[in-house]
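So you can see what is in the structure, the chains are spelled out below.
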Amino acid sequence: MGTYGDLQSGKGGTYRKANEAESAAARDAKRRVKNTPDQLRALTKGILLSGADEVDARGAQLETMLGNVGKRLKGQEPEYTGRQAYDAVMKAQAEADKAYQNANPIESTALTAGGSLLMPGGGAVAKGVLGSGKGLLGSTALGARAFRGAMLGGLLGGVEGFAGGEQGKRVEGAKSGAAIGAGLGAALPVAGSVVGQVGKGAKRVANKIAGGTLTNPNVAAGERLAAALKADGLSPEQVRAAQNEWLKNGVTPQLMNLGGENTRRLLRAAANKGGAANTQAVKNVNQLAADLQGSVIDRTRQLTPGEARPAQQFAEDIVERRGNLASQQYKGAYETPIRVTPQVDDPLMGAPGRAALLRARKAAEARRDFPQMQQLDELLASMESGAPAEVSAGALDRARIAMGNAGRGALEDPRTRDIAGGMFSRADDIDAMLAQVPELQPARQTYRGMTGQERAVELGRNNAFTDPDAYQAELRKLMEMQTPVDNPFPVSGEDIRGAAGVGLRDDIIRNVGSPTEGATGYLNRLATGTNTGRVLEETFPSQAQPYREGVGQLVQQLNDARFVSPNNGSKTVSALEETGLLDALPPTSKTALVMRAFDMLRRGLTLTDQERAALMELGVGTDIERALQALPREASPVSQYGLTPLIAATPQ
């Protein structure tokens, strides 16, 4: 029986020993080839320009050589040599390829053509070879991996060659084994990287040509979406964080809103042809456009929680309640008699005093307060016949109110401004007399506070965004009309601010409802305008920012949907329709098949209709977690294409 060296060199040895070794190699080779899908072999054959068989066979040879070294170290005899493994794999692949070609001629040709057309992707490989330079021993760059593979392959190949060489020729065998090992160790990482870089594209071309029958469309859509998100610089964790930012503002995002431009362009490409994806994209944009105004109006109503009354009704209710409280609080105070002294009578003398009394009497007549009318008549008569002995606090208070109004009017008119000061100073004497009625102050405070509320409603609903400075100054002035905290019917500054919020809320709702459907100009100002921001911050201090962010997100959601959905009015529609018709025509020859594949590469039309629909379902969906689960996990380029056995022993 011959030596192992005889078998390695192909010289000498018995037929029985050689035959057993070849049978064992053939057995393992068939198992190896069987574990690789027919489609993948055809694809990689095209990618590597018909060199896939050689790469796989050399990989088998290297694995066998490495395995034999281990066996010899353990004192075991190898079943067969690396060369026999190489020959067996080459033969098994040729038989399997022929059978597949005979059974599926179109599919086999399509995969091989698609793979070969994508081979010029060497730029990506070159980039991997150059790497980032962490040092040859630690770098993951392709060049460093190839160098380490060459060193290990050369070392182990030399050991195998030396151990299996003929007596007296072991050095020569070691050199030969080292050369083969070094070459394979360096080449296999490069080949694996080529497959990883361009294999996906070739696979997609072939899948497109084969009518989408080669891959699961949901898996393919997840791979494409993952690549787009990665190109946008987004990880699943960042997508989830962005989702939370939307949800905290009460807006439920779609996945397209959380991705970047690459993600939206991918979805746009999916929607740019007819079919389910197009239908879903159009339906989505139409639905968002129809819901936009209602969604913003709903969010605007939430600015005044617990207060759903329209501003007009809110103001009317304030006036009614103010009147009821005035009747209750002023009744006892107004019936209190006040002795008419010169301190009371003198301010009412002269034309200003008479005008104030006449105005107060008209107001009493309008209220049909006959006792007060009589007392005011007596005060008017006192200017000629002498003052009455006493007057009610109510009549005097009404005269004082009328006098104050007249004084403010005189102050505003340049022609009478010089007498306004005197009128106010004389009114102070009446105030001193009225201060002797303790029940009067709480009533006045309540009336004043509720008047501040009434005016604040009108301030908010009267184009507040036009002049934010004036709005801010007036609102703060009205808030100073608040009552003291010990008032039996308190009106706080926040109550007055809230009344302005009711008015502003209704003004926003009116403007949102005014534009034509889908108009976003006013909404953009709400979300980003400086003036609107200042007014909203002044009126709704704790709600303004999330409200504005939420409105902006609703607008962005519609804009994203419009970008993704095809523009049916554009000039490109006819061209896209023609492209769709051309893609629907079946190829009539192998030449046409190859040209179709090349055209698809040139135009990027490798998406199948099923993948388009799956992509659009993920893109417009609001179940973000489900979409993220559809993304593939990170895997090495080689393992994705079933080539792990080729480089299992190569350092990574």
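Values in this document were obtained by computation on a predicted structure and should not be read as measured data.

Calculation notes
Residues numbered from 1 in each chain as written. Predicted model: local features only at pLDDT ≥ 70, side-chain atom pairs only at ≥ 80, totals over all residues. Heavy atoms only, no water. Helix = DSSP H or I, 4+ residues; strand = E, 2+ residues; numbered from the N terminus. Buried < 20%, exposed > 50% of the residue type's maximum accessible area, 1.4 Å probe, protein only. Contact = heavy atoms within 4.5 Å. Areas by Shrake-Rupley, 256 points an atom, 1.4 Å probe, with all protein chains shown as cover. Polar contact = N/O pair within 3.5 Å; in protein donor to acceptor, adjacent residues only side chain to side chain. Expected span 1.5 Å × (residues − 1). Arc of directions from axis to C-beta. Salt bridge = Lys/Arg side-chain N within 4 Å of Asp/Glu carboxyl O. Axes fitted to C-alpha atoms, helices over the stretch in contact; angles between N-to-C directions. Parallel < 35°, antiparallel > 145°, perpendicular 65-115°, else oblique. Nonpolar A, V, L, I, M, F, W, Y, C, P; charged D, E, K, R; others polar. pLDDT = per-residue confidence, 0-100. Core = buried A, V, L, I, M, F, W, Y, C linked by side-chain atoms within 4.5 Å. Phe/Tyr/Trp six-rings, centres within 6.5 Å; stacked < 30°, edge-to-face > 60°. Lys NZ or Arg CZ within 6 Å of the ring centre and 35° of its normal.

### A few points about the overall build of the protein
Thought 1: A tally of helices and strands in the protein yields 31 helices and two strands.
Thought 2: Sorting the 652 residues of the protein into buried and exposed places 45% on the buried side.
Thought 3: Put simply, 75% of the contacts in the protein that link residues at least 6 apart link residues at least 24 apart.
Thought 4: Here the protein has roughly 32400 Å² of accessible surface; of this, 53% comes from carbon and sulfur atoms.

### Some thoughts on unusual backbone geometry
Thought 1: A positive phi is found at Asn463, a non-glycine position, where the angle reads about 55°.
Thought 2: As for its position among the elements, Asn463 is in the loop between helix 21 (440-460) and helix 22 (468-479).
Thought 3: The exposure class of Asn463 is partly exposed, given its relative accessible area of 44%.

### As for the side chain of Thr446
Thought 1: Positionally, Thr446 belongs in helix 21.
Thought 2: Here Thr446 falls in the buried class, since its relative accessible area comes to 2%.
Thought 3: In this structure the side chain of Thr446 is engaged in a polar contact, spanning 2.9 Å, whose partner is the side chain of Asn487.
Thought 4: In this structure, Thr446 is in contact with Leu325, Gln329, Thr483, Asn487 and Phe489, ignoring residues within four places of it in sequence.

### Some remarks on helix 22
The α-helix winds at 3.6 residues per turn, so residues separated by three or four positions along the chain end up facing the same way.
Thought 1: The first and last C-alpha atoms of helix 22 sit 16 Å apart over twelve residues, in line with the 16 Å expected at 1.5 Å per residue.
Thought 2: All of the buried residues along helix 22 are Pro468, Tyr471, Leu475, Leu478 and Met479. Down the axis of helix 22, the sector holding all buried residues measures 100°, keeping them to one side.
Thought 3: Buried positions along helix 22 lie against helix 21, helix 23 (493-513) and helix 25 (530-539).

### Some details on the pattern of salt bridges
Thought 1: Under the criterion given, the structure shown has 26 salt bridges.
Thought 2: Arg264 serves as the salt-bridge partner of Asp560, at 3.7 Å between the closest nitrogen and oxygen. Within this pair, whereas Asp560 is found in helix 26 (residues 544-564), its partner Arg264 is found in helix 13 (residues 261-271), the two being separated by 296 residues in sequence.
Thought 3: Residues Glu538 and Arg476 are paired through a salt bridge, measuring 3.0 Å at the closest nitrogen-oxygen approach. One end of the pair, Glu538, is in helix 25; the other, Arg476, is in helix 22, with 62 residues separating them in the sequence.
Thought 4: We classify Glu538 as buried; its relative accessible area is 9%.
Thought 5: According to the relative accessible area criterion, Arg476 is partly exposed, its value standing at 44%.
Thought 6: Several salt bridges converge on common partners, so that one network encompasses Arg27, Asp28, Arg31 and Glu79.

### Some points on the packing of helix 23 against helix 25
Thought 1: Two elements in contact, helix 23 and helix 25, have axes whose closest approach is 9 Å; the angle formed by their N-to-C orientations is 140°. The angle between helix 23 and helix 25 falls in the class oblique. Within the contact between the two elements, helix 23 uses Arg497, Ala500, Gly501, Leu504 and Ile508 and helix 25 uses Val535, Leu536, Glu538 and Thr539.
Thought 2: Grouping the amino acids of the contact of helix 23 with helix 25 by side-chain chemistry returns five nonpolar, two polar and two charged.

### Quick look at the confidence of the model for the protein
Thought 1: Overall, the predicted model of the protein reaches an average pLDDT of 74, with 64% of residues at or above 70.
Thought 2: Low confidence marks residues 117-138, where pLDDT is under 50. Its contacts with residues over four positions away, or in another chain, come to 35 contacts.
Thought 3: Overall, residues 593-604 carries pLDDT values under 50, and its contacts beyond four positions in sequence, including any with other chains, amount to 26 contacts.

### Re the packing of helix 25 against helix 26
Thought 1: Between helix 25 and helix 26, the least distance of the axes is 9 Å, while the angle of their chain directions is 140°. By the angle class used here, helix 25 and helix 26 are oblique. Residues Thr532, Gly533, Leu536 and Glu537 of helix 25 form the contact with helix 26, whose participating residues are Ala544, Gln545, Tyr547 and Arg548.
Thought 2: In terms of residue class, the contact of helix 25 with helix 26 is made up of three nonpolar, three polar and two charged.

### Here's the deal with the side chain of Thr304
Thought 1: Mapped onto the elements, Thr304 comes out in the loop between helix 14 (276-301) and helix 15 (311-335).
Thought 2: A polar contact is formed between the side chain of Thr304 and the side chain of Arg505, at a distance of 2.8 Å.
Thought 3: Filtering out sequence-adjacent residues up to four positions away, Thr304 remains in contact with Gly501, Val502, Arg505 and Phe540.

### Here we look at the nonpolar core
Thought 1: Leu504, Ile508, Leu523, Leu526, Leu536 and Met616 are the most contacted members of the largest nonpolar core, which has 74 residues in total.
Thought 2: Discounting residues that sit within four places of it in the chain, Leu526 has contacts with Phe465, Ile508, Val512, Thr532, Leu536, Tyr547, Arg548 and Val551.
Thought 3: Ala333, Leu348, Ala356 and Leu379 belong to the second largest nonpolar core, which has 29 residues in total.

### Re the packing of aromatic side chains
Thought 1: All told, the structure shown has two aromatic pairs when counted by the stated rule.
Thought 2: Ring geometry for Tyr330 against Tyr447: centres 6.5 Å apart, planes inclined by 80°, an arrangement best described as edge-to-face. Here Tyr330 is found in helix 15, whereas its partner Tyr447 is found in helix 21, with 117 residues between them in sequence.
Thought 3: Chaining the aromatic ring pairs together yields one cluster made of Tyr330, Tyr334 and Tyr447.
Thought 4: Taking the ring centre of Tyr86 as reference, the NZ or CZ of Arg58 above it sits at 4.1 Å.
Thought 5: The ring of Phe563 has Arg268 sitting right over it, with the charged end atom 4.9 Å from the ring centre.

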